[in-house]
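Observations on the model geometry
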Amino acid sequence: MLPTVDAPQITLWVNDEPITARAGWTLAAALLANGITTTRHTAIDQQPRGPFCMMGVCFECRVTVDNIPNVQSCMTLVRDGMRVTLPQGARVLSCPRPGQ
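Residues numbered from 1 in each chain as written. Predicted model: local features only at pLDDT ≥ 70, side-chain atom pairs only at ≥ 80, totals over all residues. Heavy atoms only, no water.

**Remarks on the side chain of T64**
Selection rule: Helix and strand assignments follow DSSP, with helices taken as H or I runs no shorter than four residues and strands as E runs no shorter than two, numbered in order from the N terminus. Only protein chains enter the accessibility calculation, which uses a 1.4 Å probe; a residue whose area is less than 20% of its type maximum is buried, one above 50% is exposed, and one in between is partly exposed. Contact definition: two residues touch when any of their heavy atoms are within 4.5 Å.
In this structure, T64 sits in strand 5 (residues 62–65). Look at T64 and you get buried, because its relative accessible area is 17%. Not counting the four nearest positions on each side in its chain, T64 is found in contact with P69, R83, V84 and T85.

Next comes the structure, spelled out in structure tokens:
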């Protein structure tokens, strides 16, 4: 069933800024409805990426939700108070070297 336009309005936080959405929307739809078209940048040459396929195939819409990285925004329903962080740059990996 498609969400209705009169669904309750909720507030979520993107990079510590409030945005509004309707219950039943995906996070990607909420971001786009609020003018946020870039959800991350590529690690090598900082090319912008954002929701593309809207069905979970391309992984271009990945964001951090409530401190959980690499969440597909097109496959995640919004909820009131959700905290979203748009990744910046390459991810830092901590891999100890042998012998350390």
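**Some thoughts on the pairing of strand 1 (residues 9–14)**
Selection rule: Pairing between strands requires that DSSP locate at least two bridges from one strand to the other.
The side-chain alternation of strand 1 yields one buried face, formed by I10, L12 and V14, and one unburied face, formed by Q9, T11 and W13. Sheet topology note: the strand 1/strand 2 (residues 17–22) ladder contains six bridges and is antiparallel. Looking across to strand 2, one finds that T11 is bridged to T20. Bridging between strand 1 and strand 7 (residues 83–85) involves two bridges; their strand directions are parallel. Residue V14 lies in a different strand from strand 7, and its bridge partner there is V84.

**Focus on the nonpolar core**
Here is the rule we go by: In this text, buried Ala, Val, Leu, Ile, Met, Phe, Trp, Tyr and Cys residues form a nonpolar core when linked through side-chain atoms within 4.5 Å.
Core analysis: the largest hydrophobic core is formed by 16 residues, its most contacted members being L12, V14, L27, V65, V78 and V84. For this core, the secondary-structure elements that each account for two or more residues are strand 1, strand 2, helix 1 (27–33) and strand 5. Here L12 is in contact with E17, P18, I19, A21, L27, V78, R79, G81, M82 and V84, once residues within four sequence places are set aside.

On their own, these measurements won't tell you what the molecule is for.
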